[in-house]
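# Residue-level structure breakdown
Given next are the chains, with one letter for each unit.
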Amino acid sequence: MPVTYTSNDQIEVYRFNLPVAILVPLFAVFLQAFLPIRFPFFAIFDLPLLVTIFFAVARRSQVSGLITGALIGLLQDSLSHQPIGLYGISKTVVGYGASSLGVKLDVENAGTRLLMTFIFCVIHQFVYLVVARGLVGLAVGTNWLHELGSASANAVLAVALFAVLDKFKQRA
Amino acid sequence: MENLLTRYRNVCILAGVLFAQVLGLAIQVRRTGDESSRLIRVWAVNLITPLEKSIIWMQNGTGGVWQNYIYLRGVRQENRDLKMEIEHLRLERVRLSEDAEQARRLQSLLGFKEQFISKTLAAQVIGSSGSDLSHSVYIDKGSKDGVGQDMAVITAEGIVGKVLRVYGTTSQVLLINDPSSGVGAILEKSRIQGVLRGTSAGQVMLDKILSDETVQPGETLRTSGGDLVFPKGLPIGTVAKVNRTPETFLSVQIKPAANLSKLEEVLVVTQREERVPDVADNGTQRAADILARRLPSVPEKPPETKTTPNTPKFDGATDAAKPKPPAPVKPQENSPNGTVANGIMPIRKEPASKPAQSVGKVSDDPSGQPFTVTKPETAPAQPPPEQDNPR
């Protein structure tokens, strides 16, 4: 995997073990499906989205970022009763965007991660609504206040989650 | 061209992946069935649900040990309270059983069909869809347990949803608060019918109620049976809020009786039947028997008793069978029996058991029911004929 340089500062590129690369997204989808039935407030979070952003930013490869996002999104779609592809498309866009941002910016500190996750959550929801309404014709309502609150909650969770997931990083 | 593709390789891959997914979406939208994405869903469900099942199993195991053997604080008091509640419920049951018996008898007479839940299957909720915009849950019973598509899913409190997809050992249940769900509903007191729908925010609304109707908050809502999924009469919830809008229909918000956000155990209605309710003392009756009881005829001879004639028994049960003094009845003009001979009106004996007003038209029902009893078409009984004009 090539190392990218930006503004004369070396930006680290990381890789992950195969078990980690497979099991962490699977576990995130599992928790997202399991926890809301015990703790309904957990439905406000989107763990698969956070994992997508983390892997995309850490790998700093646009192709791997969009493929990771597509696979995680399609898995999440498969558990819902809606057509497969809604989350797939949204997370593909987010994965590509996050990895593109990771190439250009240092996204290792907590403040950047907070802001970046907030923005990508809003983008994810926007793309989802556009696809659901425009392409599929679903009657999906929008409460942007709720979406902004959800994005804030996800951003806060991301800071803690990324710190934990940092331990699985390996330098490429 | 090659340089261009190499330069914009990542963008091309992004466009390709997005295009493939849009194409997949288009295929799914075009096909109404579930076949196009069935395989992917089966894989995903088989990947995730075993883990959910195992965690639920462990949770139930440890929770059962704790609840049943260790944490028994307040059990005696709870036992006393429950015993008192049982006494209250017994009294209530006696009163309700009388009403129910009467209602069944009337339904039987009128040939009303009723839907009965004859078989249910208890299931554990093991997971959700994982999406805030898809209100569905997974249960730990599937086609191997007899679960089928479109079966109703309920709890003791009220309805929950219907089975949307069935897999081997799991099933997906679409909750009533999902925008794509629809349940036929009826308000208990005002008998106004509407369609229950969910919203993307997870609320439950009652649609198709005209704005000139009066709906009171707090009124109970039940299933109407019109959707052919839920049997009639199951509790749905209560009216929480009524908003009058300038549109044709009211906006009625419903508070579901079942807690849809914290479901643990549910019942799947695996079998239901539609039949005329049985009356315990009625049994199978022929139309001729009903006719014989209801039409005017010679009263049956009262059963012989060992009591002496000087001590008449005024028991309610035997009083109906006793012959009563005949009353003169003017026959109908078009009646074949209403013959007048020699200017003397024939006197007909009324049956002692049933009054003359209860005579109705008995006819074969084309729907397959043995008979239906309708209101009498003829005029009510005329007063006794005047004797000063015998013709």
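Parameters at a glance
Residues numbered from 1 in each chain as written. Chains lettered and ligands numbered in written order. Predicted model: local features only at pLDDT ≥ 70, side-chain atom pairs only at ≥ 80, totals over all residues. Buried ≥ 20, exposed ≤ 12 C-beta atoms within 10 Å, placed from the backbone. Helix = DSSP H or I, 4+ residues; strand = E, 2+ residues; numbered from the N terminus. Pairing = 2+ DSSP bridges. Axes fitted to C-alpha atoms, helices over the stretch in contact; angles between N-to-C directions. Expected span 1.5 Å × (residues − 1). Parallel < 35°, antiparallel > 145°, perpendicular 65-115°, else oblique. Left-handed = near helix turned anticlockwise from the far one by under 90°. Contact = placed C-beta atoms within 7 Å. Nonpolar A, V, L, I, M, F, W, Y, C, P; charged D, E, K, R; others polar. pLDDT = per-residue confidence, 0-100.

In this section: the pairing of strand S6 (residues 183-187) of chain B. Residues and elements named next belong to chain B. For S6, a buried count of four out of five residues is recorded, marking the element as mostly surrounded by other parts of the structure. The pairing of S6 with strand S7 (residues 193-198) spans four bridges and is classified as antiparallel. Bridge assignment links Ile186 to a residue of S7, and that residue is Gln193. Hairpin remark: S6 followed by S7, antiparallel, with five residues in the connecting loop; positive phi at Arg191, about 60 degrees. Inspection of the sheet shows S6 paired to strand S9 (residues 220-223) by three bridges, in the antiparallel sense. Residue pairing for S9: Leu187 is matched across the bridge by Leu221.

A few words on the sheet that holds strand S10 (residues 235-243) of chain B. One key point about sheets: their strands pair by backbone hydrogen bonds, in either a parallel or an antiparallel sense. Judged by pairing direction, the barrel is antiparallel, and its six strands sit side by side in the order S6-S7-S8-S11-S10-S9 (chain B) before closing back on the first. Averaged over all pairs of adjacent strands, the angle between strand axes in this sheet comes to 45 degrees, irrespective of strand direction.

A word on helix H4 (residues 86-104) of chain A. Residues lying three or four places apart along an α-helix face the same way, a consequence of the helix completing one turn every 3.6 residues. Between its first and last C-alpha atoms H4(A) spans 28 Å; for 19 residues at 1.5 Å apiece the expected length is 27 Å, and the two agree. Extensive coverage of H4(A) is indicated by the burial of 15 of its 19 residues.

Residues and elements named next belong to chain A. Axis separation between helix H1 (residues 18-38) and helix H2 (residues 47-59) bottoms out at 8 Å; the angle between their running directions is 160 degrees. In terms of axis orientation, H1 runs roughly antiparallel to H2. Crossing of H1 against H2: the hand is right-handed. Facing Val24, Pro25, Ala28, Val29, Leu31 and Gln32 of H1, the residues of H2 in contact are Leu47, Pro48 and Val51. When its residues are assigned to classes, the contact of H1 with H2 shows eight nonpolar, one polar and no charged.

Our focus in this paragraph is the confidence of the model for chain B. Residues and elements named next belong to chain B. Model confidence for chain B is summarised by a mean pLDDT of 74, while 66% of its residues fall at 70 or above. At the low end of the mean pLDDT range in chain B sits strand S14 (residues 372-374), at 39; at the high end sits strand S5 (residues 171-175), at 94. Within the model, pLDDT remains below 50 along residues 306-391, and this stretch shows 80 contacts once partners closer than five positions in the same chain are excluded.

Looking now at the interface of chain B and chain A. Of the residues lining the interface, 41 residues belong to chain B; the matching set on chain A comes to 33 residues. Mapped by element, the contributors of at least two residues to the side of chain B that touches chain A are helix H2 (9-30), helix H3 (38-70), strand S1 (114-128), strand S2 (136-139) and S5 of chain B. For the side of chain B that touches chain A, the element with the highest residue contribution is H2(B), accounting for 11 residues. Within the side of chain B that touches chain A, the residues separate by chemical class into 21 nonpolar, 16 polar and four charged.

Looking now at the pairing of strand S11 (residues 251-256) of chain B. Residue and element names in this part refer to chain B. Across the two faces of S11 the burial differs, with Val252, Ile254 and Pro256 buried and Ser251, Gln253 and Lys255 not buried at all. One ladder, built from three bridges, connects strand S8 (residues 204-207) with S11; its direction is antiparallel. Within S11, the residue paired with Met205 across the bridge is Gln253. Pairing of S10 with S11 involves six bridges; the strand directions are antiparallel. In the sheet register, Thr238 faces S11, and the bridge partner there is Lys255.

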